[in-house]
Amino acid sequence: RAGRSLVSKKNFEFEATIEKPDGAKYGVSVDPQTLRINDIQPSGLIAEWNARQRGTKIQQGDIIVSIHGVTDPKGMLQELREAEFSQLKLQRMRV
């Protein structure tokens, strides 16, 4: 098929900084090996962050690719549990 170009499906990356007061929950379930977001609960820090955003929001299917520069899954899960705030870098597949 001459003249037909392939469209590149590049991933879209964005960042979110989320404060986590003592006892607060992010309100998400993630795959522990890939850190793909499986579910976002209507109450929780992620839902609150989304409600304050005018543009890009965190969605089911987004992948957390780093937290404070940490990129290995075990380290990122530890950051989520222990940090008072999280600087998340997320990735979304363009379709």
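Residues numbered from 1 in each chain as written. Predicted model: local features only at pLDDT ≥ 70, side-chain atom pairs only at ≥ 80, totals over all residues. Heavy atoms only, no water.

Examining the sheet that holds strand E5 (residues 85-93)
Read across the open sheet, the 3 strands follow the order E1-E5-E4; overall the sheet is antiparallel. The sheet is open, and its two edges are formed by strand E1 (11-19) and strand E4 (63-67), each paired on a single side. Going across the sheet, the axis of each strand differs from the next one's by a mean of 30°, ignoring polarity. Here 4 bridges tie E4 to E5, and the two strands are oriented antiparallel to one another. Note that in E5 the partner of Ile63 across the bridge is Gln91. Against the sheet, helix H1 (residues 45-52) makes contact with E1 and E5, and its axis sits at roughly 110° relative to E1, the strand it touches most. Strands in contact with helix H2 (residues 73-82) are E4 and E5; relative to E4, the strand with the most contacts, it is inclined by about 80°. (Pairing = 2+ DSSP bridges. Helix = DSSP H or I, 4+ residues; strand = E, 2+ residues; numbered from the N terminus. Axes fitted to C-alpha atoms, helices over the stretch in contact; angles between N-to-C directions. Contact = heavy atoms within 4.5 Å.)

A short note on the side chain of Ser86
Within the fold, Ser86 resides in strand E5. A distance of 2.7 Å separates the side chain of Ser86 from the side chain of Tyr26, its partner in a polar contact. Once you skip the residues sitting within four places of it in the chain, Ser86 turns out to touch Ala16, Thr17, Ile18, Tyr26, Ile67, His68, Glu79 and Leu80. (Polar contact = N/O pair within 3.5 Å; in protein donor to acceptor, adjacent residues only side chain to side chain.)

So, the side chain of Gln91
Within the secondary structure, Gln91 is located in strand E5. A polar side-chain atom of Gln91 sits 3.0 Å from a polar atom in the side chain of Glu13. Every residue in contact with Gln91, bar those within four places of it in the chain, is listed here: Asn11, Phe12, Glu13, Asp62, Ile63 and Val65.

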